[in-house]
2 protein chains.
Amino acid sequence: MEAIERHLTANREEHLKQLTQLLSIPSISALSEHKPDVRKAAEFIRDALTKAGFDHAAIMETGGHPVVYADWLHVEGKPTVLVYGHYDVQPVDPLQLWKTPPFEPDIRDNQIFARGASDDKGPTFMHIKALESILQVEGELPVNIKFCIEGEEEVGSANLDSFLEAHKSQFAADLVLISDTTMLGPDQPSICYGLRGLAACQIDLQTANTDLHSGIYGGAVPNAIHALVELLVSLHSPDGTITVDGFYDGVAKLSEAEQKEYASLDHDDEAYRKSLGLPALHGEPGYTTLERLWARPTLEINGIYGGFQGEGTKTVIPNEAHAKITCRLVPNQDPKNILDKIEAHITKHTPEGATVTFTRADTGHPYLAPYDHPAIQLAADAYTHAYGIKAVFTRMGGSIPVVETFSQLFHIPVVLMGFGLNDENFHAPNEHFSLDNFDKGLRTLCYYYKHLANAL
Amino acid sequence: MEAIERHLTANREEHLKQLTQLLSIPSISALSEHKPDVRKAAEFIRDALTKAGFDHAAIMETGGHPVVYADWLHVEGKPTVLVYGHYDVQPVDPLQLWKTPPFEPDIRDNQIFARGASDDKGPTFMHIKALESILQVEGELPVNIKFCIEGEEEVGSANLDSFLEAHKSQFAADLVLISDTTMLGPDQPSICYGLRGLAACQIDLQTANTDLHSGIYGGAVPNAIHALVELLVSLHSPDGTITVDGFYDGVAKLSEAEQKEYASLDHDDEAYRKSLGLPALHGEPGYTTLERLWARPTLEINGIYGGFQGEGTKTVIPNEAHAKITCRLVPNQDPKNILDKIEAHITKHTPEGATVTFTRADTGHPYLAPYDHPAIQLAADAYTHAYGIKAVFTRMGGSIPVVETFSQLFHIPVVLMGFGLNDENFHAPNEHFSLDNFDKGLRTLCYYYKHLANAL
């Protein structure tokens, strides 16, 4: 490792120069006028992979922006790591809020400011440079490597699933490694090993065949809003527990180790409450805030509407009312099965005088890597080596669709080694990336790649 | 009465000719381009009153369209009746749905088609002609009369309260007589002796200081929609009873006579349910539909909104949610007191983690004439005389603001003798008025005016 680390130090300026070139390309995938720039970034990645010593570096077409592939498969019998990242970036408006132009990278306070610096050009570039450094110092890699660097992550990766499905054997691996998440804090490296899934639906409730006048009909007929709120309230008990029959069936319990790990994290409920301007927190009884966020499912009403929304008063008895619902799911809940259960609940609890149409929408499976998988434990060791601080194991309350894609398609662990920080303004003006994490992250990755073959 | 009825028959054609002239004036109070027409209708009424033999016929200015006044006060010691009506009409769009132009009155199937025919030029005109006929036949009226014919009823009578307040002694009377309601059916004359009042409010509920991402925060924080539906559900029990503490305090009980009267009316719950396309009716237990509509108070949610209302899914935990509420009130509920009670309920039941802003809006007092008041009983006799059918006593579930105005200002009974029918398309294309009710109504009014002095 010492030689590699000396190499990283010696080449720091050159690495940053190359990163600056990559960050100068306005590869905004959402804006069609930037389509040539998106391709330019793909070409830059392809060329960087070739220069780094990878084989078969190629731009592969999809239904949208292309995927960059490359591999290094010269250590037979050793595991193959699929490195995922993305070279596309978010739009930059409002442009006037940027202190320096988004595509003219500027280093100040040991941070590099540019659109994509943290999400995800910086971290993706680090993988290339880490592996290049090992190759240059040692002449070979300790594991086999494949790259999958896409250009549509910021627009929902719409073509990735079908692309990977179509090239399944080409991208087959033993492990997926992604650096597109954040660390818990600047001095707290973390490994996310679980994500929640999603199940979405809509409830459209109807009563009479038209809106009715509350003077003429009020008191004798059902009101669609009354029926809807009655129905919606039936989904939770007041303490926040979800009352849909069987909703919690099969929900994986937290291990004692996980409970201890979460409890050891520096989470302050009171500061959290205050930062959100809340009179009180609210959640399922018997769980801590982090447990609620990471390991427990939810059922949230995301939108409700019915009747009169204008200024003043309208004496109407609405004949329809609507609600949008999403659930965050945890292992081992199945989105389709959850929607079945919600539909059954809705059917059972629809108040007399009302009819309900239940419409299914987006779904996504929860993801949970085996907490004690050696590839994940090794990630912690790698951080400890580079940062001098033990990494903590966390989950995320949200979903990362590509993680689910890889997990569902290849049935292999997905290791999330984040180097970004939550305050680095990804998706906002003045996005930046800490060069401290760039430096330590390179060392973390080199350590990880070096030791992976032995750990598995 | 016989001479008067002969006079009515003899002058029928002339009466209809004059009514046609009045209906030809497009006195649409809501449209400023019709302001001259509105005044033209006022002038027509003033002149008709003068020609009929009334004194002091005058156009009196208000903050908006004028009020037409006239009086006949020559029988000292006899009661004074204030006749209220309005000469303004609703807009006519969609114009293409009219079979004949709205301001070119057309008689077909013994109905006169024109905007304002039923609401309220026809019935208002009938009072003038009934009294004119008595004057012409008998040389004097049996009671003193004042007219208050306004031009802003279709735009909310915004100036009437302050106008009457400013001219209180000029309009003072012993009784107000209004023909601006409908009969229960073509063969069922009815006298409405009670109206419900109104109390409106808005609930604005807030949780966090911003919308939150359901992946990052879901499970640990309150959701404004969850809190709102929980709060709203607390306002009713599932059977429809309002659970606001003290809401029913002082609600006047139906007399046995009223219960019998309502039960005798030809109301068919099943036909009513079907006509509204409802799976089931819904209302306060222990009361019939008509009792629920006429004599029981309501609390209706007229509108609800919060979070995402667009197409598809948005994984948001909304930080605010809103509801609009109106109550229909019955004697002896006080609107302000009811809003106090609702506010107290809201304060008490606001879920932890949420704050609520309670905003008061429109209020109106319920109105109930003494059921057995001789002026009201006489109205039934008058219908019986003219129609050969006993009039029934009904209430209305809605409010008529002018009734409350007269009741609150003068503390005198308001007698509502309607001659319109519910299917006569007032406020819609092809408004019309039954000439059968025009003829019988004139006789009803003549009988009423003739016998009122002796009845009181």
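Before reading further, recall that the structure is shown in the block above.
Before going into details, it helps to say that this report is about the structure given with it. (Residues numbered from 1 in each chain as written. Chains lettered and ligands numbered in written order. Predicted model: local features only at pLDDT ≥ 70, side-chain atom pairs only at ≥ 80, totals over all residues. Heavy atoms only, no water.)

A short note on the overall build of chain A
From N to C terminus, chain A includes 15 helices and 18 strands. The C-alpha atoms of chain A give a radius of gyration of 25 Å, which matches the 23 Å a tight globule of 456 residues would have. The principal-axis extent of the C-alpha atoms belonging to chain A is close to 85 × 50 × 45 Å. Across the 456 residues of chain A, 60% fall into the buried class. (Helix = DSSP H or I, 4+ residues; strand = E, 2+ residues; numbered from the N terminus. Rg over C-alpha atoms; globule rule 2.2 N^0.38 Å. Buried < 20%, exposed > 50% of the residue type's maximum accessible area, 1.4 Å probe, protein only.)

Topic: the interface of chain A and chain B
Facing the 72 residues of chain A at the interface are 72 residues of chain B. Here chain A and chain B share an interface that buries about 5400 Å² over both sides, 57% of which is from carbon and sulfur atoms. Applying the counting criterion to the chain A and chain B interface returns zero salt bridges. Among the elements that make up the side of chain A that touches chain B, the one with the highest residue count is strand β11 (residues 298-307) of chain A (ten residues). Looking at side-chain class alone, the side of chain A that touches chain B contains 31 nonpolar, 30 polar and eleven charged residues. The pairing of β11 of chain A with strand β11 (residues 298-307) of chain B spans five bridges and is antiparallel. Its bridge partner being in β11 of chain B, Ile 304 of chain A is matched across the sheet by Gly 306 of chain B. (Contact = heavy atoms within 4.5 Å. Buried area = accessible area lost by both parts, 1.4 Å probe. Salt bridge = Lys/Arg side-chain N within 4 Å of Asp/Glu carboxyl O. Nonpolar A, V, L, I, M, F, W, Y, C, P; charged D, E, K, R; others polar. Pairing = 2+ DSSP bridges.)

Looking at the packing of helix α2 (residues 12-23) of chain B against helix α3 (residues 35-52) of chain B
Residue and element names in this part refer to chain B. Closest axis-to-axis distance for the α2/α3 pair is 10 Å, and the angle between their directions is 155°. What the angle tells us is that α2 and α3 run roughly antiparallel. Every residue of α3 that contacts α2 at Gln 18, Gln 21 and Leu 22 is listed here: Ala 41, Phe 44 and Ile 45. Looking at the contact of α2 with α3 residue by residue, the class counts come to four nonpolar, two polar and no charged. (Axes fitted to C-alpha atoms, helices over the stretch in contact; angles between N-to-C directions. Parallel < 35°, antiparallel > 145°, perpendicular 65-115°, else oblique.)

Things to note about the packing of helix α13 (residues 374-387) of chain A against helix α15 (residues 435-455) of chain A
All names here are of chain A. Orientation of α13 relative to α15, taken along the N-to-C sense of each, is 140°, at an axis distance of 8 Å. Considering the angle they form, α13 stands oblique to α15. Seen from above, α13 lies across α15 with right-handed handedness. Residues Pro 374, Ala 375, Leu 378, Ala 379, Asp 381, Ala 382, Tyr 383, His 385, Ala 386 and Tyr 387 of α13 form the contact with α15, whose own contacting residues are Asn 437, Lys 440, Gly 441, Arg 443, Thr 444, Tyr 447, Tyr 448, His 451, Leu 452 and Ala 455. Of the residues assigned to the contact of α13 with α15, the class counts are twelve nonpolar, five polar and three charged. (Left-handed = near helix turned anticlockwise from the far one by under 90°.)

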